[in-house]
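Topology and contacts: notes
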Amino acid sequence: MKTRIISGIVAALIGAAVVWQYYTPIFDIAAFAIYAIAVCEIYKTFKEGNSKVAAVLLGIVGALVIFDRYYATNFIAIAVAFTVAAVFIVVFDFENIKFTSIASNVIFAAYVLFGIYNLVRLKRIMPMEHYGYDAAFLVVLCAGIAWGGDIMAYFFGYFFGKHKMAPKLSPKKTIEGAVGGVLGSVLLALLMTYVYSKLPFSANTVVANLGENYLSLILFAALGSFVGMIGDLFASAVKRQQGIKDYGNIMPGHGGVLDRFDSFLLVAVIISLMADFIVLSNGVV
């Protein structure tokens, strides 16, 4: 437990420093690093009959997508190029490559990349000159909803849990814990938004379009918490099918990147939708 706590504190400090540099390339580099490590963990998870070339290609695709704002990549061209490359890999090394393994790598990596990109794209739709640090705050809010919900779900499940939510997949998760997680995420989102509105670098577009309309904020936070749980269960399902306990050990006591970001990725999608709502309501693009 001590190792887990220390590791969590160190990770939180590093994360805070990276988010503070949200509007610089440092955040993009950190986002890509998370994706690249996740790709390595995915490669190890589906290593049977797999190809390192596919993992390298997935890394290149991730770089092109995450750093897109610097050179305006055509995503369709990337998808076509990768698909053709994957086909060639299977054709010319079919004795050593399993298509099911390659497909598993691609689908899982695309899932991770989609979640991470939804945070990076906030820079584009909420530029600093109009929105201040509001986009960076949404990244922090994403973490609060995902991980704050996880913590509250654990405590509610520990003290009140009686009805199993997915007994075969995750025996410790309960319906009571899930309800507590959603409530915790909503309350934390309200508190974080209120505190942020009092900070001098807040442009208050989040507060103006969500904080004053508490129902919208509550709905986004509740939906984010719910899909975060689904993301957690998805990652657990893959681990069970592959017979592994953790995806990696980069964070002592927490496992790998995928173990820590399993609930975060789908919450990022909801946060991205929240940002679109703010931009439409604010009328500044």
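Numbers given for residues are sequential positions, taken from 1 along each chain in its written order. Two thresholds apply to this predicted model, a pLDDT of at least 70 for residue-level local features and 80 or more for giving and counting side-chain atom pairs, whereas whole-chain, interface and lining totals are computed over all residues. For the side-chain quantities, the full set of heavy atoms in the structure was used; hydrogens and water were omitted.

With that out of the way, let us pick up the overall build of the protein chain. A tally of helices and strands in the protein chain yields 13 helices and two strands. For every residue, the accessible area obtained with a 1.4 Å probe (protein chains only) is divided by the maximum for its type, and the residue is called buried under 20%, exposed over 50%, and partly exposed between those limits. For the protein chain, buried positions account for 47% of its 285 residues. Should any heavy atoms of two residues lie within 4.5 Å, those residues are considered in contact. Within the protein chain, counting contacts between residues at least 6 apart in sequence, those at least 24 apart form 76% of the total. When the accessible area of the protein chain is evaluated, it comes to approximately 14,800 Å², of which 72% is carbon and sulfur surface. Numbering of helices and strands runs from the N terminus, with a helix taken as a DSSP run of H or I at least four residues long and a strand as a DSSP run of E at least two residues long. Residue-level accessible areas treat just the shown protein chains as cover; the underlying method is Shrake-Rupley with a 1.4 Å probe.

Attention now goes to the environment of Val279. Note that Val279 resides in helix α13 (residues 264–282). Sequence separation between Val279 and Tyr131 is 148 residues; the distance between their C-alpha atoms is 9.3 Å.

Next up on the list: the pattern of salt bridges. Salt bridge criterion: a side-chain nitrogen from Lys or Arg within 4 Å of a carboxyl oxygen from Asp or Glu. Applying the stated criterion across every chain, the model contains six salt bridges. For the salt bridge of Asp276 with Arg121, the shortest nitrogen-to-oxygen distance reads 3.3 Å. Linking Asp276 in helix α13 with Arg121 in the loop between α5 (99–120) and α6 (122–125), this pair joins segments that are 155 residues apart in sequence.

To continue, consider the packing of helix α3 (residues 52–66) against α5. Here an axis means a line fitted to C-alpha atoms, over the contact stretch when the element is a helix, while the angle between two N-to-C directions is reported on a 0 to 180 degree scale. Where α3 contacts α5, the two axes come as close as 10 Å, and the packing angle between them is 20°. Here α3 is positioned roughly parallel relative to α5, judged by the angle of their axes. Seen from above, α3 lies across α5 with right-handed handedness. Judged by residue contacts, Ala54, Leu58, Val61, Gly62, Val65 and Ile66 of α3 engage Ile102, Asn105, Val106, Ala109, Leu113, Ile116, Tyr117 and Val120 from α5. Side-chain classes are defined by residue name, with Ala, Val, Leu, Ile, Met, Phe, Trp, Tyr, Cys and Pro counting as nonpolar, Asp, Glu, Lys and Arg as charged, and the others, Gly among them, as polar. Grouping the amino acids of the contact of α3 with α5 by side-chain chemistry returns 12 nonpolar, two polar and no charged. The scheme is simple: roughly parallel for angles under 35 degrees, roughly antiparallel for over 145, roughly perpendicular for 65 to 115, oblique for anything else. Throughout, a crossing is termed right-handed when the near helix is turned clockwise from the far one, and left-handed when it is turned anticlockwise from it by less than a right angle.

Moving on, we get to the nonpolar core. Val112 and Leu138 are the most contacted members of the largest nonpolar core, which totals 66 residues. Beyond its immediate sequence surroundings of up to four residues, Val112 is in contact with Tyr35, Ala38, Ile42, Leu258 and Leu265. By nonpolar core we mean a set of buried residues, namely Ala, Val, Leu, Ile, Met, Phe, Trp, Tyr and Cys, connected to one another through side-chain atoms within 4.5 Å.

Turning our attention to the side chain of Asn118. Residue placement: Asn118 occurs in helix α5. Definition of a polar contact: a pair of N or O atoms within 3.5 Å, with one able to donate and the other able to accept a hydrogen when the atoms are protein atoms, and with sequence-neighbouring residues admitted only if both atoms are side-chain atoms. Polar side-chain contacts of Asn118 include one of 2.7 Å to the backbone oxygen of Phe114. When sequence neighbours within four positions are dropped, the list of residues in contact with Asn118 reads Ala268, Val269 and Ser272.

Each aromatic pair joins two rings of Phe, Tyr and Trp (for Trp, the six-membered one) with centres within 6.5 Å, and gets the label stacked for planes under 30 degrees apart, edge-to-face for over 60, and tilted for any other angle. Scanning all chains against the criterion turns up 20 aromatic pairs. Taken together, the ring pairs connect Trp20, Tyr22, Tyr23, Phe27 and Tyr133 into an aromatic cluster. The criterion for a charge sitting over a ring is simple: Lys NZ or Arg CZ within 6 Å of the ring centre, and within 35 degrees of the ring normal. If you follow Lys123 out to its NZ or CZ, it ends over the ring of Tyr22, 5.3 Å from the centre.

Our focus in this paragraph is the packing of helix α2 (residues 25–45) against α3. Between α2 and α3, the least distance of the axes is 10 Å, while the angle of their chain directions is 160°. On the basis of the axis angle, α2 is roughly antiparallel to α3. In terms of crossing hand, the pair formed by α2 and α3 is right-handed. Residue-level inspection shows Asp28, Ala31, Phe32, Tyr35, Val39 and Tyr43 of α2 in contact with α3, the latter providing Lys52, Ala55, Leu58, Gly59, Gly62, Ala63 and Ile66. Classifying every residue of the contact of α2 with α3 gives nine nonpolar, two polar and two charged.

In this scheme, strands are said to pair when DSSP sees at least two bridges between them. The pairing of strand β1 (residues 164–166) with strand β2 (residues 170–174) spans two bridges and is classified as antiparallel. When the sheet's bridge partners are listed, Ala166 is paired in β2 with Ser170. Counting the residues in the hairpin turn of β1 and β2 gives three residues.

On to the confidence of the model for the protein chain. The pLDDT averaged across the protein chain works out to 84; a share of 89% of its residues lies at or above 70. As a per-residue measure, pLDDT tells how confident the predictor is, with possible values from 0 to 100. For the protein chain, helix α10 (residues 205–211) is the element with the lowest average pLDDT, namely 61, and α2 is the one with the highest, namely 93.

A few words on a nonpolar patch on the surface. Two distance rules govern patches: like charges are joined within 9 Å, and nonpolar side chains (Val, Leu, Ile, Met, Phe, Trp, Tyr) within 5 Å, applied only to residues with over 30% relative accessible area and no salt bridge. On the surface, Ile76, Val80, Val84, Val87, Phe88, Val91 and Phe92 cluster together into a nonpolar patch covering about 720 Å² of accessible area. Among the secondary structure elements, Ile76 is positioned in helix α4 (residues 75–92). You can call Ile76 exposed: its relative accessible area is 64%.

Moving on, we get to the environment of His254. Locating His254 in the fold gives a position in the loop between α11 (214–242) and α12 (257–261). Between the C-alpha atoms of His254 and Gly8, which are 246 residues apart in sequence, the distance is 7.9 Å.

With that out of the way, let us pick up the environment of Gly157. Relative to the assigned elements, Gly157 resides in helix α8 (residues 134–160). On the basis of relative accessible area, Gly157 is assigned to the buried category, the value being 15%. Taking the C-alpha atoms as reference points, Gly157 and Gly181, 24 residues apart in sequence, are found 9.0 Å from one another. For Gly157, the contacting residues outside a window of four places in its chain are Thr174 and Gly177.

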